[in-house]
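# Fold and geometry: a report
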Amino acid sequence: MTENEFDMLWQRAEAEGYGKRLAAEYPLWRQKQRRVVSMVAALLIVVTVAMSLFTTQLHHSRNYEKVYCNRVGTTDAQWASLAAEMLLE
C-alpha cells in the first residue's frame with residue numbers, strides 16, 4: 001500500500017466518523033432550530049401588537065379641545081375649516 005492510498009483510506013475513515021456524528025446530532029439540532037424560529041416569530045408578533053397598540057394610544061391621546069391663534073386677520077372660513085378637520089379626526 002502506497003502512502004497516497006493510506007492517506008485516502010485515512011481521510012475516508014475520518015469522514016465517515018464525522019458523517020455518523022453529524023447524522024446522530026441532526027435531530028437535536030433541528031429541534032433547537034425550530035424552537036429558536038418559533039420564539040423569534042412569537043417575539044415579532046408581540047412587538048408588532050405592542051407597537052400597534054402604542055401608536056393607536058398615541059394617536060388617540062392627541063385630542064385637542066382648544067385651538068389658539070396669535071395671528072390677526074384669521075377669517076371665519078378658516079376657523080370653520082379647522083373645526084371641520086378637528087371633528088373629522
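Here the structure is shown first, and the text comes after it.
## Digging into the overall build of the protein
Secondary structure summary: the protein contains two helices and zero strands in total. Residues counted as buried form 0% of the 89 residues belonging to the protein.

## Quick look at a nonpolar patch on the surface
Taken together, the side chains of Met1, Phe6, Leu9 and Trp10 present a nonpolar region at the surface, about 510 Å² in accessible area. Along the chain, the position of tryptophan 10 falls in helix H1 (residues 3–60).

## Some remarks on the pattern of salt bridges
Enumeration over the complete set of coordinates arrives at two salt bridges. Notably, a salt bridge pairs glutamate 16 with lysine 20, separated by 3.4 Å at the nearest N-O pair. Linking glutamate 16 with lysine 20, this pair stays in helix H1, spanning four residues, or about one helical turn. Note that arginine 21 is salt-bridged to glutamate 25, the shortest N-O span being 3.7 Å. With a gap of four residues between them, arginine 21 and glutamate 25 both fall in helix H1, about one helical turn apart.

## Some thoughts on the packing of aromatic side chains
Here the structure, examined in full by the defined rule, presents two aromatic pairs. Look at tyrosine 26 and tryptophan 29: their rings are 5.8 Å apart centre to centre, the planes differ by 35°, and that puts the pair in the tilted class. Here tryptophan 29 and tyrosine 26 lie together in helix H1, a separation of three residues that amounts to about one turn. Since its relative accessible area comes to 47%, tyrosine 26 is described here as partly exposed. On the basis of relative accessible area, tryptophan 29 is assigned to the partly exposed category, the value being 46%.

Conventions we followed
- Residues numbered from 1 in each chain as written.
- Predicted model: local features only at pLDDT ≥ 70, side-chain atom pairs only at ≥ 80, totals over all residues.
- Heavy atoms only, no water.
- Helix = DSSP H or I, 4+ residues; strand = E, 2+ residues; numbered from the N terminus.
- Buried < 20%, exposed > 50% of the residue type's maximum accessible area, 1.4 Å probe, protein only.
- Patch = residues over 30% accessible without salt bridge, like charges linked within 9 Å, V, L, I, M, F, W, Y side chains within 5 Å.
- Areas by Shrake-Rupley, 256 points an atom, 1.4 Å probe, with all protein chains shown as cover.
- Salt bridge = Lys/Arg side-chain N within 4 Å of Asp/Glu carboxyl O.
- Phe/Tyr/Trp six-rings, centres within 6.5 Å; stacked < 30°, edge-to-face > 60°.

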